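Next come the chains, spelled out residue by residue.
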Amino acid sequence: MLEIRALDVDIDGSRILSRVDIDVTQGEFVCLIGRNGAGKSTTFRTIMGQRKPVGGCVAFKGQELAGLSTFQIARLGIGFSPEESEVFADLTVAENIEMPTWVAGNRSTRSAAERIGMAYQMFPKLEGYRSRGGGQLSGGERKMLSIARALVLDPELLLLDEPFEGLSPVVIPQISEGLAAIRKGGRAILIAESQFHHVPDFTDRLYVIERGEIVFQGTVAQAERDAATMQILRGTDGA
Amino acid sequence: MAAFAEIVLGGLFHAAVLFLVAAGLQLVFGVQKIVNLACGAFYALGAYVGASAAKWAIGVGLPTPLVLVVVLLAGLACAVIGPPLERVLRTVYDRDESFQLLLTFAFLLMFQDLFRIGWGANPQTTGSLFLSFGTLDLGLFKTPAYNVFVIAVAITVAAGLGWFLQRTNFGRLLRATAENRAMAEAVGVNARAMFSVVFTLGVALGTVGGALVVPASAASLDMAAELVVEAFAVVVIGGLGSISGALAGAVIVGLVRAAAIVFYAEAELLAIYAIVIAVLILRPAGLFGKEAV
């Protein structure tokens, strides 16, 4: 579904991503793990068309994304929740959630009400905050809202940058279960994670990124058998 | 007391027109992050085209209320220049602010020459059209009914704009794009298409403002630059990017200007800019501006 091949990205003249290869197939839950600054967010921003690669390519469902604008990529069916959540403070919680249904050109076959219902079902806590301003939420609530908003696009692929960041230990299993349920619906999910202990146990595959390069790919079990990889992963937990 | 009321009403009349232009400026800045120095040219364009439309309408013998309708429609029709101008502006969206200022300033100067070519150097009037609407006797004093009409139009536009931005989905998408364009695009918003709409709306606010003012004054070559100076005072006082700020700023500038004209006309701009400086020192983001992050 998502194919990233030999992706090179420069920011201000320095190489941030170097020959990155990532594949995500339908219904798969994939985790891109690495330390802060390793290049996870840059990978996501490049998929969304917010950064232009200097080499390599990104394709979604066989379609090359180079040359497409961010809004076109979103409308193809990629939902994005960035690391800083980026909830619209000027809109209420309900408006943030409904926003993707106001935009024309979405390929979803579900009705707006159905898509919005899905998001509240996943994050029932948000239901109680409907009329609250996006700027009046805690970090964890913003995170939920940001994921809910991406979900309302009814995407086939969800890109979640650090979905567990700022969430209380009580909420993490809830979100984790929510993500498992989203995947059961046939969607693919790619998450970026900087802490190994956050990686859900139902993760299909793991990509370890270090200084802009993919240094390992495989299952969690395979990673645990690889001493060099485990050293990097343990480093992420210590940070 | 009567003198005071006259200052207030005269100030509000000027504030009404100033608000329309400043609201256009704020809308364009809020969403597109472009400080549009050409806003004064749109105002002047509306005034010139409005004056010509009035002459034509009076010439063919339309009744006075219909003349006014023709003038306002002519002002609104001037907004057709919005999309092509926005197309040119696209070349500087990703460039330094100084390029944006230079380009919109170039628009202002070019329009000034176009006005000179099209209408000559003499001011264009509508032959005191506003007087034919009669005067309103408000007990203490009398005022031209037209001035009250202009204030009412501005209040209606302000309310309509507020409703549009707060209560319609397109308005909400505009606010979201103004707040965080990259994220709005990631939700599927076509910001470029939105820019064209916003810019045209900004132009329309200016041209309608110009068309509204021309029956009570005249279209002249220096009105564009004069208005830019005042509109910027409004924006700095109210806070850049805020429509409520434009309203508050326009009322303050309008009233101060009217008071200065009565008491000490030479100090008109001095008084306005003294307030601008006070706001910049005491509340740099403006009365309704969000503090810079």
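The residue count restarts for each chain, going from 1 along the sequence in the order it is written. All chains are assigned letters beginning with A, and all ligands numbers beginning with 1, in the order in which they are written. With the structure being a predicted model, the display of local features is reserved for residues of pLDDT at least 70 and the display and counting of side-chain atom pairs for 80 or more, all residues being used for whole-chain, interface and lining totals. Each side-chain value is worked out from all heavy atoms of the structure, with water and hydrogens disregarded.

Draft legend 1. Structural detail: the packing of aromatic side chains. Pairing of aromatic side chains requires ring centres within 6.5 Å, counting the rings of Phe and Tyr and the six-membered ring of Trp. Pairs whose planes differ by under 30 degrees are stacked, by over 60 edge-to-face, and all others tilted. In the structure shown here, the tally under the stated rule is twelve aromatic pairs over all chains. On the numbers, 6.5 Å between centres and 80° between planes, the contact of phenylalanine 44 of chain A with phenylalanine 80 of chain A is edge-to-face. Placement of phenylalanine 44 of chain A in helix α1 (residues 40-47) and of phenylalanine 80 of chain A in strand β6 (residues 78-81) is noted, with a sequence separation of 36 residues between them. Aromatic pair phenylalanine 133 of chain B and tyrosine 146 of chain B: ring centres 5.5 Å apart, planes at 35°, arrangement tilted. In this description a helix means any DSSP run of H or I spanning at least four residues, a strand means any run of E spanning at least two, and both kinds are numbered starting from the N terminus.

Draft legend 2. Here's a closer look at the nonpolar core. By size, the foremost hydrophobic cluster in this structure holds 131 residues, and its most contacted members are Ile47, Ile78, Met99, Leu157, Leu159 and Leu190 of chain A. No other element matches the 16 residues that helix α1 (residues 2-32) of chain B contributes to this core. With residues near it in sequence (within four places) discarded, isoleucine 47 of chain A still touches Leu2, Ile4, Val58, Leu65, Ile73, Ile78, Leu159 and Leu190 of chain A. Residues belong to a common nonpolar core when they are buried Ala, Val, Leu, Ile, Met, Phe, Trp, Tyr or Cys residues joined through side-chain atoms within 4.5 Å. A 1.4 Å probe rolled over the protein chains alone gives each residue an accessible area, and that area as a share of the maximum for its type sets the label: buried under 20%, exposed over 50%, partly exposed in between. The next biggest cluster of nonpolar side chains, apart from the first, holds 44 residues, and it includes Cys31, Ile33, Phe123 and Leu151 of chain A. Residue contacts are defined here by distance: any two heavy atoms, one from each residue, within 4.5 Å place the two residues in contact.

Draft legend 3. Structural view of the interface of chain A and chain B. Counting residues at the interface gives 21 residues for chain A and 17 residues for chain B. In this description, buried area is defined as the sum, over both parts, of the accessible area (probe of 1.4 Å) that is lost when the two are combined. Between chain A and chain B, a total of about 1800 Å² is buried, with carbon and sulfur atoms accounting for 63% of that surface. We count a salt bridge whenever a side-chain nitrogen from Lys or Arg sits within 4 Å of a carboxyl oxygen from Asp or Glu. Inspection of the region where chain A meets chain B yields two salt bridges. Note that arginine 172 of chain B is salt-bridged to glutamate 95 of chain A, the shortest N-O span being 2.7 Å. Elements with a contribution of two residues or more to the side of chain A that touches chain B: α2 (70-77) and α3 (93-102) of chain A.

Draft legend 4. Just the pattern of salt bridges, in detail. Tallying each qualifying case throughout the model produces 23 salt bridges over all chains. In this structure, the salt-bridge partner of aspartate 113 of chain B is arginine 116 of chain B, at a minimum N-O distance of 3.7 Å. Of this pair, aspartate 113 of chain B and arginine 116 of chain B both sit in helix α5 (residues 97-119), three residues apart, which is roughly one turn of the helix. Using a relative accessible area of 41% as the deciding quantity, one classes aspartate 113 of chain B as partly exposed. Each of Arg110, Glu114, Asp154 and Arg187 of chain A takes part in a single network of salt bridges with overlapping partners.

Draft legend 5. Representation of the confidence of the model for chain A within the structure. Every residue is assigned a pLDDT by the predictor, reflecting its confidence on a scale from 0 to 100. Chain-level statistics for chain A give a pLDDT mean of 92 and a share of 99% at 70 or above. Taken element by element, the predicted model of chain A shows its lowest mean pLDDT in helix α9 (residues 227-238) of chain A (80) and its highest in α1 of chain A (97).

Draft legend 6. Main features of the sheet that holds strand β9 (residues 205-210) of chain A. Residues and elements named next belong to chain A. With mixed pairing, the six strands of this open sheet are ordered in space as β6-β7-β8-β3-β9-β10. At either margin of the open sheet sits one strand with a lone partner, and together these are β6 and β10 (213-218). Neighbour-to-neighbour, the strand axes of this sheet turn through a mean angle of 15°, independent of strand direction. For β9 and β10, the ladder comprises five bridges, and the chain directions are antiparallel. Residue tyrosine 207 lies in a different strand from β10, and its bridge partner there is glutamine 217. Lines are fitted to the C-alpha atoms to define the axes, a helix being fitted only along its stretch in contact, and any angle between axes, read from their N-to-C directions, falls within 0 to 180 degrees. Lying on the sheet, helix α6 (residues 139-152) is in contact with β6 and β7 (157-161); it crosses β6 at an angle near 170°. Packed on one face of the sheet, helix α7 (residues 171-184) meets β3 (29-33), β7 and β8 (188-193) and runs near 150° to β8. At least two bridges found by DSSP between two strands are what make those strands a pair.

Draft legend 7. Geometry of the sheet that holds strand β5 (residues 63-64) of chain A. All names here are of chain A. One open sheet holds the four strands; their spatial order is β2-β1-β4-β5, and the pairing between them is antiparallel. This sheet does not close on itself; its edge strands, each paired only once, are β2 (14-24) and β5. Here strand β4 (residues 55-60) runs beside β5; their pairing, made up of two bridges, is antiparallel. In the strand pairing of β5, phenylalanine 60 is matched with glutamine 63. Seen against the sheet, α1 touches β1 (2-11), β2 and β4 and runs at an angle of roughly 110° to β1.

Draft legend 8. Looking closely at unusual backbone geometry. Residues and elements named next belong to chain A. One non-glycine residue, glutamate 86, adopts positive backbone phi at about 50°. Mapping glutamate 86 onto the fold places it in the loop between β6 and α3. Note on glutamate 86: relative accessible area 18%, which makes it buried. Its identity as a non-glycine residue notwithstanding, glutamate 162 has a phi of 50°, on the positive side.

Draft legend 9. Main features of α3 of chain A. Of all ten residues that make up α3 of chain A, nine are buried, and the element is covered over most of its length. All of the buried residues in α3 of chain A are Val93, Ala94, Glu95, Asn96, Ile97, Met99, Pro100, Thr101 and Trp102 of chain A. Considering only its buried residues, α3 of chain A is in contact with α4 (112-122), α5 (124-127) and α6 of chain A together with α7 (169-179) and α8 (181-186) of chain B.

Draft legend 10. Structural detail: α7 of chain A. All names here are of chain A. Each helix should span, by expectation, one fewer than its residue count multiplied by 1.5 Å. Its 14 residues place the ends of α7 20 Å apart at the C-alpha level, agreeing with the 20 Å of an ideal helix rising 1.5 Å per residue. Inspection of α7 places Val171, Ile172, Ile175, Ser176, Gly178, Leu179, Ala180, Ile182 and Arg183 among the buried residues, and these make up the whole buried set. Along its buried surface, α7 packs onto β3, α4, α6, β7 and β8.

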